[in-house]
Amino acid sequence: HLQAVNRRRSRGGLETSRALFTPPSCEQVPLTGMIGDQQAAMVGQRCFGVGEAKITYGTGAFMLVNSGGAPVPSSHGLLSTALYRFGASAPTQYALEGAVASCAVGINWFKDSLGMIGTAPEISSLAAQVPEGTEGLVFVPAFGGLLAPHWRDDARATLVGLTLAHDKRHVARAVLEGIAHQAKEVTVCMAADTGAALTGLRVDGGVALSDELLQYQADLCGIAVQRPRDVETTALGAAIAAGLGAGVWSSIADIPSSGDDIERTFEPAICEEERTARCASWQKAVESSFGWARE
């Protein structure tokens, strides 16, 4: 039931509407907040401080870092975006964003196309069976090209370093490490654009339930990775925005911190030398993925 917007008013500094694409039963319900998907996840993670960052692992992986009260142009393939403004007179907060095209997409390929697992979570169980690593196997999940920071639509998914000693356990780990490597690249670009290294990383989304993926992420980034008890933080962020607009909280300072929400923290477990070697192998694999798309 589509109704015309018949009245707008300001409440808590946010634009509200009593009838905006709503059924008659919702006519008296004010719209007190409006926020985008990834921005809502940032708010749900309470990334209100400059330099605080999160990754949402879903179909793709989307990483944002709070860049402060002015947009930061990226010279490393990232996107500058508005993050939030809580109140008509409040300043706008901005973020840098890096999008990775393949996350759950690669896992579903492993499950549906290769038939190596029956359910998506089984990929983590397989990967855990090779704790020493992939033994040189690297998977670049560029099924339809690569997004940030490469922006190469001619890239295609590539599995390199394969030997007769490898089996599906190594491929499973390489698939998860491929997700983590892509996110690692984005963190490096964020540090270069903002001039400050990330000190921690918060995660959400369905794929964030994989302990193995998050350990690989911590290892490659060299920083702690925090997972909340509820990984669906986008809905929480939308609720916080609506609550601020409705006057439930007067400012973000009144909102409970995310500290009590942390279910587990993953700390880096490899040395810098090993991290550098793995990232070098990844870069060689990425370069080998270029130029495969036909006109």
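Relevant structure appears above.
Residues numbered from 1 in each chain as written. Predicted model: local features only at pLDDT ≥ 70, side-chain atom pairs only at ≥ 80, totals over all residues. Heavy atoms only, no water.

Caption draft 1: Representation of the overall build of the protein chain. Counting its secondary structure elements, the protein chain contains 7 helices and 11 strands. For the protein chain, the C-alpha radius of gyration of 21 Å lies close to 19 Å, the compact-globule estimate for 295 residues. The dimensions of the protein chain, computed from C-alpha atoms along their principal axes, are 70 × 40 × 40 Å. Expressed as a percentage of the 295 residues in the protein chain, the buried residues total 46%. (Helix = DSSP H or I, 4+ residues; strand = E, 2+ residues; numbered from the N terminus. Rg over C-alpha atoms; globule rule 2.2 N^0.38 Å. Buried < 20%, exposed > 50% of the residue type's maximum accessible area, 1.4 Å probe, protein only.)

Caption draft 2: Looking closely at helix α4 (residues 168-194). Compared with the 39 Å implied by 1.5 Å per residue over 27 residues, the 39 Å span of α4 between its first and last C-alpha is a close match. By the criterion of burial, α4 is predominantly enclosed, with 21 of the 27 residues buried. Just beyond α4, the residue with positive phi is G195, at close to 80°. (Expected span 1.5 Å × (residues − 1).)

Caption draft 3: Fine view of the side chain of H170. For H170, the position within the fold is in helix α4. Among all residues touching H170, those that are not within four sequence positions of it are V130, G133, T134, E135, L137 and A165. (Contact = heavy atoms within 4.5 Å.)

Caption draft 4: Representation of the sheet that holds strand β10 (residues 224-228) in the model. With respect to topology, 7 strands assemble into an open sheet ordered β5-β6-β4-β3-β9-β10-β11, the strand pairing being mixed. Across the chains shown, the open sheet's two edge strands, defined by having one partner strand only, are β5 (79-84) and β11 (262-266). Between one strand axis and the next, the sheet turns through 30° on average, direction left out of account. Strand direction decides the pairing type here: strand β4 (residues 61-68) and strand β6 (residues 93-100), joined by 7 bridges, are antiparallel. Residue pairing across strands places F62 opposite A99, the latter belonging to β6. (Pairing = 2+ DSSP bridges. Axes fitted to C-alpha atoms, helices over the stretch in contact; angles between N-to-C directions.)

Caption draft 5: Helix α1 (residues 37-44), seen in detail. Within α1, 7 of the 8 residues are buried, which leaves it mostly tucked inside the rest of the structure. Among the residues making up α1, those that are buried are Q38, Q39, A40, A41, M42, V43 and G44. A positive phi of about 55° marks R46, the residue just after α1.

Caption draft 6: Molecular detail of the pattern of salt bridges. If you walk through the whole model with that rule in mind, you get 11 salt bridges. Close ionic contact of R202 with E52 constitutes a salt bridge, the shortest N to O distance being 3.7 Å. Residue R202 is found in strand β9 (residues 200-204), and its partner E52 is found in the loop between α1 and β3 (53-57); the two are separated by 150 residues along the sequence. Taking the relative accessible area as the measure of exposure, R202 reaches 14% and is therefore buried. Residue E52 is classed as partly exposed on the basis of its relative accessible area of 27%. Close ionic contact of D211 with R227 constitutes a salt bridge, the shortest N to O distance being 2.8 Å. Of the two residues, D211 is situated in helix α5 (residues 211-221) and R227 in strand β10; the sequence distance between them amounts to 16 residues. Using a relative accessible area of 27% as the deciding quantity, one classes D211 as partly exposed. (Salt bridge = Lys/Arg side-chain N within 4 Å of Asp/Glu carboxyl O.)

Coordinates in, geometry out; function isn't part of it.
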